[in-house]
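Results of the structural survey
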Amino acid sequence: MTAPILPAQPPAPGHPGEAARRALSVIFLINGALFATWAVNIPGIRDALNLSEAQIGAALLAVGLGSLCSMTLTGAWTARHGSHRVTRTAAVLCMLTLLPPFLAPGLPLLIAALTVLGAANGSMDVAMNAQGVTVEQRLGRPIMSRLHAYFSLGGVLGAALGTLLVGRVPMTAHALTVTVVTAAAALIAGRFLLPDLPSAPIPAAPRRVPISAAAALLGALCFLGMLSEGANYDWAALYFRDVLGSPGGQAGLGYAAFVTTMTLGRWFGDRLRARLGDETIVRGGALVTAAGLGLALLTRDPLPAAAGFALSGLGLSNVVPVMYGAAGHALGGRGIAQVASIGYGGFLLGPPAIGFIAAQVGLPAALGLALAGALLITLLGGRAFALIRR
């Protein structure tokens with residue numbers, strides 16, 4: 001169990017850090033809403049362009065590749081221009097990249113549009129987390145878990161809006177509405193972000209060094225956790241639509257259940273972590289995820305399946321954040337960078353791999369890959385924490 005971080009004396013009312021925290025919460029929230037809007041419309045885009053599961057997998061891979069390319073550059077941009085400027089710019093650009101995929105007339109342009117969306121999101125992801133560190137320093141207390149809860153809350157709101165609009169209004173109208181509202185929110189919130197402290201600049205990317213056994217295992221577990229997260233985010237709506245036969249906006253029920261419990265788990269995650277310990281949170285949470293996915297894949301009734309996706313979200317909610325925290329506490333900045341780099345591969349490769357497998361054996365069997373990943377976290381988590389306790 002990592003040592004708890006004790007909050008400093010609360011800042012006085014009107015402290016600029018509080019305004020920045022609220023503004024950054026809005027930016028995390030709209031990022032979650034953006035991806036929820038895309039996720040609940042995947043079935044409609046698949047039908048409109050007559051795409052196979054493998055082609056959807058290729059499109060999802062484009063998002064990951066675009067993000068990975070921009071992430072490698074954004075660290076230098078934030079060091080040069082400040083995380084507040086890069087966050088403000090990247091957030092607006094990211095919101096504006098939501099609409100082009102909905103206008104693509106075929107797979108090649110869809111892949112191109114999603115690559116651009118992924119690149120904008122990768123920059124936004126790195127910059128807004130760097131800004132989160134700056135705000136933490138100004139406030140003297142941790143806020144990162146709650147910020148990530150706002151991302152999940154954005155997913156809940158985006159999924160709820162999608163449930164109301166999908167099948168009732170054109171997809172482009174849905175995407176345009178979200179684009180206008182979120183881009184405006186990004187412009188307003190960006191005005192309240194804080195310059196980075198000169199005494200604590202954003203660190204440059206570490207030089208390539210041999211990876212420790214602890215970092216490698218923590219990274220592998222993050223990979224599996226992110227693979228399972230990505231599977232739920234990107235394939236829940238298609239599972240409800242194609243396998244369970246849920247019509248229209250009801251196809252977003254599983255996604256909404258997943259992101260709702262993910263949000264609640266992250267919102268109260270710090271309290272559970274202090275009470276139960278990191279290893280219990282990770283291994284127990286992964287076991288709950290496996291049980292939830294098992295329920296969802298064994299039933300053909302939408303309500304029990306939604307309950308299964310809800311359990312999956314609850315179990316996964318703190319797995320990756322706790323792994324990042326454990327890596328930072330035990331291995332330092334270089335270790336957490338290594339763990340994050342390995343872990344992101346789960347988002348990059350997992351959802352497309354499920355698409356390619358689904359084309360051969362069907363989506364329920366392909367989603368078994370996410371279930372297997374959760375079980376491996378349960379089995380290997382004890383070894384990972386034993387390594388970092390040495």
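Since the structure is predicted, the reported quantities are computational estimates derived from the model, not experimental observations.

**Here we look at the pattern of salt bridges**
Scanning all chains against the criterion turns up six salt bridges. Its salt-bridge partner being Arg46, residue Asp47 comes within 2.7 Å of it at the nearest N-O pair. Under the relative-accessibility criterion, Asp47 is labelled partly exposed at 35%. Classification of Arg46 as buried rests on a relative accessible area of 12%. With a shortest N-O distance of 2.9 Å, Arg46 and Asp242 are connected by a salt bridge. Of this pair, Arg46 sits in helix α1 (residues 16–49) while Asp242 sits in helix α8 (residues 213–243), and the two are 196 residues apart along the sequence.

**Here we look at the confidence of the model for the chain**
Mean pLDDT over the chain stands at 84; residues scoring 70 or higher make up 88%. Across residues 1–8 the pLDDT falls below 50, and counting only partners more than four positions away or on other chains, this stretch makes 15 contacts in the model. The low-confidence segment residues 199–207 (pLDDT under 50) makes eight contacts with residues lying over four places distant or belonging to another chain.

**Quick word on the packing of aromatic side chains**
Each aromatic ring pair is specified by the distance between its two centres and by the angle formed by the two planes. Going through the model one piece at a time under the given rule, you end up with seven aromatic pairs. With 5.3 Å between their ring centres and 65° between their planes, Tyr150 and Trp267 make a pair best called edge-to-face. Linking Tyr150 in helix α6 (residues 144–165) with Trp267 in helix α9 (residues 253–267), this pair joins segments that are 117 residues apart in sequence. An aromatic cluster is defined as three or more aromatic residues linked by ring pairs; in this entry it consists of Tyr233, Tyr255 and Phe258. Between the NZ or CZ atom of Arg146 and the centre of the ring of Trp267, over which it lies, the distance is 3.9 Å.

**Looking at the nonpolar core**
If you look at the biggest cluster of nonpolar residues, it comprises 82 residues, and the most contacted ones within it are Leu110, Met124 and Tyr255. Sort the elements by how many residues they give to this core and α1 lands first, with 15 residues. The contact partners of Met124, leaving out residues within four places of it in the chain, are Ile27, Ile30, Asn31, Ala90, Ala91, Cys94 and Met95. Val322, Ile377, Ala384 and Ile388 belong to the second largest nonpolar core, which has 20 residues in total.

**Things to note about the environment of Gly346**
Within the secondary structure layout, Gly346 lies in helix α13 (residues 319–361). Counting along the chain gives 123 residues from Gly346 to Phe223, while the straight-line C-alpha distance between them is 4.4 Å. Once you skip the residues sitting within four places of it in the chain, Gly346 turns out to touch Phe223, Met226, Leu227 and Pro351.

Calculation rules
- Residue positions are counted from 1 within each chain, in the order its sequence is given.
- Side-chain atom pairs in this predicted model are given and counted only at pLDDT of 80 or more, local residue features only at pLDDT of at least 70, and totals for whole chains, interfaces and linings cover all residues.
- To get the side-chain values, take all heavy atoms of the structure and skip hydrogens and water.
- The term salt bridge refers to a side-chain nitrogen of Lys or Arg lying within 4 Å of a carboxyl oxygen of Asp or Glu.
- Accessible area is worked out with a 1.4 Å probe on protein chains only. A residue is then buried under 20% of its type maximum, exposed over 50%, and partly exposed in between.
- Strands are runs of DSSP state E lasting at least 2 residues, helices are runs of H or I lasting at least 4, and numbering of each runs from the N terminus.
- pLDDT runs from 0 to 100 and stands for how confident the predictor is about each residue.
- Residues are treated as being in contact if the distance between any of their heavy atoms lies within 4.5 Å.
- Side-chain rings of Phe, Tyr and Trp (the six-membered ring for Trp) are treated as a pair once their centres are within 6.5 Å; stacked means planes under 30 degrees apart, edge-to-face means over 60, and tilted covers the remaining angles.
- We call a charge positioned above a ring when the Lys NZ or Arg CZ atom is no farther than 6 Å from the ring centre and deviates by at most 35 degrees from the ring normal.
- What is meant by a nonpolar core is a set of buried Ala, Val, Leu, Ile, Met, Phe, Trp, Tyr and Cys residues, joined one to another through side-chain atoms within 4.5 Å.

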